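What follows is each chain in one-letter form.
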Amino acid sequence: MELIPVHPLGSRAKVLLTSVFGPYGRDDDYGSRSINPMELYQNQVTRAEGPFSLRMFHRSWGIMLIQANIGAPCTLLDFPTLDRFIRELRSFTYDIVGISSILTNVEKVKKMCSLVREHLPRATIVVGGHIANRPGLARYVDADYIVTGEGVRWFRRFLGEDGDQPIRHPLISSAIGTRTMGLGVRNSGREVAATLIPSVGCPMGCNFCATSAMFGGKGKFINFYETGDELFSVMCGIEQGMGIRSFFVMDENFLLHKKRALRLLELIEEYGKSWSLYVFSSAHVVQSYPIEQLVRLGISWVWMGLEGKNSRYAKLQGIDTRVLVRTLQSHGIRVLGSSIIGLEEHTPDNIDEVIEHAVSHASDFHQFMLYTPIPGTALYAEHLASKTLLDPSEYQEGDVHGQFIFRHRHPHIKRGQETEFILKAFRRDFEVNGPSVLRIARTVLSGWRRYKHHADVRVRNRFAWEARNLVVTFPATLWAARRWFNERNPALARKLSGLLDEIKREIGIKARLVAPLAGRFVWSTLRREDKRLKAGWTYEPPTFYETNEPMARHRSQWTFPPAPIKWVSAA
């Protein structure tokens, strides 16, 4: 076990936890790029879909988890501007400042460390997150500690607290600022999912995976909740505290922990829960469950690595991923497929075949990422050993985020071609399969048709709830999208029209009446959104300012009134 020093003040130390400063979706001198906004879907999944792109932000879950699990007075500043961060340093004397970041924002971390030294010279600076895997980081930024891996136990021990006490789970909406086609979506209540974090790390250990590397690599993971009973208790607490019925399960391979998952299923059935679970899983693990079991467990959405045609990853061996995707969709389970551009065998001559194979899955959403070595990964070590890494003088760190350039010399793809190829993949997927936010309508419709008369009332209730958008939202948006593509892409317009007709036949007169009436409103918002985006509009997340109870008791006056954090514990 790593020997962690204890801060002289222990749990009396006053802690500020912060993400790096914005703006995030604009080119600047600190590593932010317009191509790499603080929006997961726009960044990596729907980036070529224009006004149809799914836009949303996700909170900094790691530092939220740390704040909920330490006894020291702690303030959290999420998505601050640079000025807001400086004002916070001036407003209160913190003993510890913790900064969380990804690799591309190293210049922002460097700037923030220098500002802490200027305004709080006695404060201890702790830097963590994916950036901790950067070689030589301790020499580049002025931090006292660089924390690799899981931060809750590290911070507890640094504060002289019991590092192994049970994990308290913060109440977190999975997304904020959600919108598409110019339409906003509610960010609270039953319309949104809660984030659930059962564990960190991934035992699969794919050689390119920065998340796996961050928590120890292949075979390494940390369970916050070992049993289905613990997990069920936490989920019930989240359900009660937030009024939700859906969970975005932030676990790299949730279904791999089969004993826990099946015990959770027993409890879900015993207590009659009609929950929807959005999970990450490998194809091999998904296929190890009978489809009826996945449905009863509430699996509503699977983010699954497809990687690429003939890829050699064990998690895909012997599996026809196209058949698996179609099977899941036919049972109402939406699929976000993930494919790689730039594997060693990819060439300019075969890249079109690679892209067509990915697009042929017709997954509800599709992520494309460049196969580039990220520090800390096995792939990075391979390129380091073979001396095929680019010299740092040949690129800017802010450009190596999986969507723009390689960090290495590819054996077949010339520098700059990778940028063209990944954009081509996104555009082709959009051209053939249409807007991702509308593809899910077919999957939802399939699930509703198959399970609306299921013998289990829980299953019936879940599919009825998930099919609620078939009445108004999908008819209206499909009507507007069909009109949008009539001249731009007639083949796609016909496909959307056919889906709209299917929904009308299934739902009846209400959908037939709503489609043109509400569709005209969506048509206007869609055009307005397109105009805004073409004019250079970018989205930025709001700043969040939160405190735990010890800090609320400690400070009697606030320059900026914070919100209290909320959390639940396993029974």
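Above this text is the structure in question.
What counts, and where the lines are drawn
Residues numbered from 1 in each chain as written. Predicted model: local features only at pLDDT ≥ 70, side-chain atom pairs only at ≥ 80, totals over all residues. Heavy atoms only, no water. Helix = DSSP H or I, 4+ residues; strand = E, 2+ residues; numbered from the N terminus. Rg over C-alpha atoms; globule rule 2.2 N^0.38 Å. Buried < 20%, exposed > 50% of the residue type's maximum accessible area, 1.4 Å probe, protein only. Contact = heavy atoms within 4.5 Å. Areas by Shrake-Rupley, 256 points an atom, 1.4 Å probe, with all protein chains shown as cover. Pairing = 2+ DSSP bridges. Axes fitted to C-alpha atoms, helices over the stretch in contact; angles between N-to-C directions. Parallel < 35°, antiparallel > 145°, perpendicular 65-115°, else oblique. Left-handed = near helix turned anticlockwise from the far one by under 90°. Nonpolar A, V, L, I, M, F, W, Y, C, P; charged D, E, K, R; others polar. Core = buried A, V, L, I, M, F, W, Y, C linked by side-chain atoms within 4.5 Å. 1 Å grid on protein atoms, 1.4 Å probe; cavity = no way out; pocket = protein on both sides within 12 Å on 5 of 7 lines; lining within 4 Å. Points joined across faces, edges and corners; volume = space filled by probe spheres on them. Phe/Tyr/Trp six-rings, centres within 6.5 Å; stacked < 30°, edge-to-face > 60°. Lys NZ or Arg CZ within 6 Å of the ring centre and 35° of its normal. Arc of directions from axis to C-beta. Polar contact = N/O pair within 3.5 Å; in protein donor to acceptor, adjacent residues only side chain to side chain.

(A) Representation of the overall build of the protein within the structure. The helix and strand inventory of the protein stands at 21 helices and 20 strands. Over its C-alpha atoms the protein spans a radius of gyration of 24 Å, differing by no more than 12% from the 25 Å that the globule rule assigns to 571 residues. Seen through its C-alpha atoms, the protein measures out along the principal axes to roughly 70 × 55 × 45 Å. Looking at the protein as a whole, 60% of its 571 residues are labelled buried. Counting contacts in the protein only where the partners sit at least 6 residues apart, residues at least 24 apart contribute 75% of the total. Accessible surface, the protein: about 23,400 Å² in total, of which carbon and sulfur atoms supply 52%.

(B) Structural view of the sheet that holds strand 9 (residues 183-184). Overall, antiparallel pairing links the three strands, which are arranged 2-8-9 in an open sheet. Each of the sheet's edge strands pairs with one partner strand only, and the pair in question is strand 2 (55-57) and strand 9. Looking at chain direction, strand 2 and strand 8 (residues 176-180) are connected through two bridges and run antiparallel. The residue of strand 8 that forms the bridge with Arg 55 is Arg 179.

(C) Quick peek at the packing of helix 8 (residues 228-242) against helix 9 (residues 258-270). Following both chains from N to C, one finds helix 8 and helix 9 inclined at 50°, their axes separated by 8 Å at the closest point. With respect to helix 9, the element helix 8 is oriented oblique. Considering how the two elements wind past one another, helix 8 and helix 9 form a crossing that is right-handed. Only Arg 260, Arg 263, Leu 264, Leu 267 and Ile 268 of helix 9 make contact with helix 8, whose side of the interface consists of Gly 228, Asp 229, Leu 231, Phe 232 and Met 235. Counted by class, the contact of helix 8 with helix 9 contains six nonpolar, one polar and three charged residues.

(D) Region of the structure containing the nonpolar core. Among the nonpolar cores identified, the biggest contains 111 residues, and Phe 155, Ile 238, Phe 247, Leu 255, Leu 277 and Met 304 are the most heavily contacted of them. The leading source of residues in this core is helix 18 (residues 473-488), at eight residues.

(E) Fine view of the layout of surface pockets. Roughly 1,100 Å³ of internal volume is contained in the largest pocket. Of all the secondary-structure elements, those providing two or more residues to the lining of the largest pocket are helix 1 (40-44), strand 8, strand 9, strand 13 (246-249), helix 16 (436-451), helix 17 (457-466), helix 18 and helix 20 (509-534). In terms of residue class, the lining of the largest pocket is built from 25 nonpolar, nine polar and six charged.

(F) Expanded view of the packing of aromatic side chains. The final tally for this structure, using the stated rule, is 29 aromatic pairs. Taking the centre distance of 5.9 Å and the plane angle of 80° together, the rings of Trp 537 and Tyr 539 count as edge-to-face. What makes Trp 537 partly exposed here is its relative accessible area of 42%. Through a chain of ring-to-ring contacts, the aromatic side chains of Tyr 41, Trp 61, Phe 248, Tyr 278, Phe 280, Trp 301, Trp 303 and Phe 365 assemble into a single cluster. The ring of Tyr 289 is capped by Lys 258, whose NZ or CZ atom sits 4.5 Å from the centre of that ring.

(G) View of the pairing of strand 3 (residues 74-78). Along strand 3, five of the five residues are buried, which leaves the element largely enclosed by surrounding structure. Every second residue of strand 3 is oriented toward a common face, with Cys 74, Leu 76 and Asp 78 on one face and Thr 75 and Leu 77 on the other, all of them buried. In this sheet, strand 3 lies alongside strand 1 (residues 15-19) in parallel orientation, the contact comprising four bridges. Note on strand 3: the bridge partner recorded for Leu 16 is Thr 75. In this sheet, strand 18 (residues 544-547) lies alongside strand 3 in antiparallel orientation, the contact comprising four bridges. Paired with Leu 76 across the two strands is Glu 546, which belongs to strand 18.

(H) Structural detail: helix 12 (residues 321-330). Every buried residue belonging to helix 12 is among Thr 321, Leu 324, Val 325, Leu 328 and Gln 329, and all of these are buried. Each buried residue of helix 12 lies within a common arc of 130° when the element is viewed along its axis, so the set occupies one face. Buried residues in helix 12 make contact with helix 10 (283-287), helix 11 (291-297), strand 15 (299-307), strand 16 (334-341) and helix 16. For helix 12, the N-terminal capping position is held by Asp 320, with its side-chain oxygen 3.1 Å away from the main-chain nitrogen of Arg 322. Of the residues one or two after helix 12, Gly 332 is the one with positive phi, at around 80°.

It is worth stressing that arrangement in space is one thing and function is another; only the former is reported here.
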